[in-house]
Each structure stands twice: as structure tokens, then as C-alpha cells.
Amino acid sequence: MPELPEVEIVKQSLNQKIQQKKIKKIIIKNRNLRFKIPLKFEKLLENRIVKKVTRFSKYLILNFSDGSFCLIHLGMSGTIHLIKKNDLNKLTNTSFYNSPSLPKKHNHVEIHFKDLKIIYNDPRRFGFLKFINNKQALIDRFDHLGPEPFFKTFNLKYLLKYFLNKKKNIKSFLLDQKFVSGIGNIYASEILFLSRINPKTHAMKLSKEECKKIIFFSKTVLKRAIEKGGSSIRDFKNISGENGNFQKEFKVYQRENLSCLRNKCTGKIKKISISNRSTFFCNTCQK
DNA sequence: AAGAGGCCCTGATAGC
DNA sequence: TGCTATCAGGGCCTCT
């Protein structure tokens, strides 16, 4: 599901709801996520106060008031759901929650606060949660990740140096989190379409101008997607159950055999596989 | 040592 | 109440 824009949407909506709140209880229904959740996890989180929620790349980060953290990665199919305790609950002291959009299966982790809880749901279990002791450990955990497209360090000099003698195709580089972090399979195709670059182009063959376009459109596409609340294909929703809208602006993703949307281009969108990931492009204007 | 490919897992859909 | 194959927003690991 989630590339950088979708995780950013989750971060923003979580921040409005759980900032400065204390974790009352953790309930784990299934520990077997991407990495097994250790038995001590509940004790490590309970009674900590969420100072704020931040994000790096596709990782959500609960920042606790004592300087520790909890990483949340949503993998391919993870979602987070906010459940408010119903007012009725306060009166009757039952455990009735108001939960219109909560899936029936795969609700693996519950984080309870005083008046609400958030639930981590993940059918494929490619995501994970991990407690991190301190700032240095967090920095170490992200050590292998390249800059986000928004960073100043994601610039022409960086690309030209990185692509020197690199035969790998540009589509794979956009998905390579060591090179640039936060872009996933949807936005990689969209960025290359806007840059008019064929996804199979060897990185070392890219001109200076093409590198500039990649930098520019990486920033603008992700920024626009965030403004539109992310992309909702299949099941992405924000934590209140609302869809994003960027999928309505897809130029190539999931548009196989449809006409190219570029002004005056008469091409059709093709779907190919690159490193086992579907890749969409116009073979007329992305030569 | 860069780069390709497999694998972790469930669910939706298409084709037979 | 059909089966089977294919594909899906990610990232880590192994092999060459």
C-alpha cells in the first residue's frame, strides 16, 4: 500500500489524535509480522507518552517523551485504524468501540490510549513494529537509506556521481531505497512518465537534463500526492477510513492499453515487468 | 560488487 | 461453497 505520501498522510492524521497521550495498554493478537514482535514489546511501550509522530521515508516513528521510539512500517498491505471509545462506553463501562471501517481479519496490534485506540492491520504481514531505545539507535537503523526526494542532498551532483558507470535501469534505481528513499512502484512509473524517460534506460546513459527532470518530478509528484491525501488503490485509507484522491491523477499506473494523456501524444500505455515489478510507460513519448 | 531474483504472506480476480 | 494461476503499494537476503 504505502509509499512516502501515504505514510505522510497517516502520520499527519495520527499526530492530530495521539500527541501527548499516554499508552495505557498494548494488545498483540499476532506477533508474526515481518520481524517477530518480542514478548517484552508490550512492557516497553506501556505507560510511555507519545510526544509526536514523525516519518522518515516509508517509516512511521512514534517519538516518546523519554527519547525512545517505536518504528512502524506498513509493508505492502498494512493500515492503521483509529477507534474512538464511544461515549456510551464511558457510561456503561463496557468495551464497546465505535468502529465503522475496521477490517474483520488481520488486526494484529492494538495500542490503547485513554479515550481511543489505534489498530495495526496487515493481511500480508510484510510490515512490522519495532521499539528503538534512543536517537543513535534510530539513526543506525536508517543508516542504509538514501535521501528522500525532498532533501537538498537529492541534487544533480548526487545523481551524476551515483549513476556513474551504473548499468542498472532507472526504474530500479527509483525503487532502490539506498539511492533515494520513499518512492515506491506507483510513483516510480509516474515520475518517469513526467520526465519523458523510458524506465529501461541505463542510469549511466541519462543526460544532465534528464537527471534534473527526475529530481524535479520526484519532488512535485510526491508533494502533489500528499496534497491529494495519497493514492487509494485497493485498500489505502487514512486512519479515519477516508480515501485519498491522487489515483485519479495517475498518468500511467494501471492504465495499460489506454491512450497516453500527454498533450498531442498518440501513444498507448504499455505494461512491462522490471525486476518482477509492474512498470507502466508510454512507448511513444518515453523513448 | 553491482545487479538479478527469490522469498516472506494473504486476498482478489481472471481463466479454465 | 470449483480449482488454479497470477498479481499486488516493500524490503531483505542470497547468489553470481
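Remember, it's a predicted structure, so these values are computed and weren't measured experimentally. (Residues numbered from 1 in each chain as written. Chains lettered and ligands numbered in written order. Predicted model: local features only at pLDDT ≥ 70, side-chain atom pairs only at ≥ 80, totals over all residues. Heavy atoms only, no water.)

Quick question: what am I supposed to make of the nonpolar core here?
Soluble globular proteins tend to bury their nonpolar side chains together. Ranked by internal contacts, the top residues of the largest apolar core, which has 39 residues, are Leu159, Phe163, Ile170, Leu174, Phe179, Ile183 and Tyr187. When residues of this core are traced back to their parent elements, those giving at least two are helix H1 (4–18), helix H5 (156–163), helix H6 (170–175), helix H7 (185–194), helix H8 (208–227) and strand S12 (277–282). With 8 residues, the single largest contributor to this core is H8. If near-sequence neighbours (up to four positions away) are discounted, tyrosine 187 is found in contact with Glu3, Pro5, Glu6, Val221, Leu222, Ala225, Gly230, Ser231 and Phe246. By size, the runner-up hydrophobic cluster in this structure holds 30 residues, among which are Leu45, Leu74, Leu116 and Ile118. (Core = buried A, V, L, I, M, F, W, Y, C linked by side-chain atoms within 4.5 Å. Buried < 20%, exposed > 50% of the residue type's maximum accessible area, 1.4 Å probe, protein only. Helix = DSSP H or I, 4+ residues; strand = E, 2+ residues; numbered from the N terminus. Contact = heavy atoms within 4.5 Å.)

Got a minute to help me understand the pairing of strand S10 (residues 128–132) in this structure?
Each regular strand displays side chains that alternate between the two surfaces of the sheet. Judged by how many residues are buried, S10 sits mostly within the fold: 4 of 5 residues are covered. Bridge analysis of strand S5 (residues 69–73) against S10 gives 5 bridges, and the strand direction is antiparallel. Bridge pairing in S10 places cysteine 70 opposite phenylalanine 131. (Pairing = 2+ DSSP bridges.)

Which parts of the structure should I look at to understand the domain arrangement of chain A?
A common way to express how large an interface is: the accessible area buried when the components associate. Assigned domains of chain A: these are domain 1 (4–141) and domain 2 (156–282). Relative to domain 2, the C-alpha centre of domain 1 lies at a distance of 30 Å. Summed over the three residues of domain 1 that lose the most area to domain 2, namely Pro5, Glu6 and Ile9, the buried surface amounts to 34% of that side. Within the residue set of the side of domain 1 that touches domain 2, elements represented by two or more residues are H1 and strand S6 (79–85). In terms of residue count, the dominant contributor to the side of domain 1 that touches domain 2 is H1 (10 residues). Of the residues in the side of domain 1 that touches domain 2, the class split is 9 nonpolar, 6 polar and 4 charged. (Domains from an automatic or database assignment. Buried area = accessible area lost by both parts, 1.4 Å probe. Nonpolar A, V, L, I, M, F, W, Y, C, P; charged D, E, K, R; others polar.)

Looking at this structure, I do not really get the protein's contact with DNA strand B. What am I missing?
Residues in close proximity to DNA strand B include Lys105, His106, Pro123, Arg124, Arg125, Phe126, Lys166, Lys167, Lys168, Phe173 and Asn276, which together make up its full environment. Each atom of DNA strand B within 4 Å of the protein was assigned to sugar, phosphate or base; sugar and phosphate come to 69%. In the environment of DNA strand B, a phosphate oxygen lies 3.0 Å from a nitrogen or oxygen atom belonging to the side chain of lysine 105. At 3.3 Å, a backbone N or O of proline 123 approaches a sugar or linking oxygen of DNA strand B. When the residues that make up the surface near DNA strand B are grouped by side-chain class, the tally is 3 nonpolar, 2 polar and 6 charged. (Near = heavy atom within 4 Å. Polar contact = N/O pair within 3.5 Å; in protein donor to acceptor, adjacent residues only side chain to side chain.)

Before we go on, may I ask you to explain the side chain of threonine 279 in this structure?
Along the chain, threonine 279 falls in strand S12. A distance of 3.1 Å separates the side chain of threonine 279 from the backbone oxygen of arginine 277, its partner in a polar contact. Excluding residues within four positions of it along the chain, threonine 279 makes contact with Lys171, Ser189, Pro199, Lys270, Lys271, Ile272 and Ile274.

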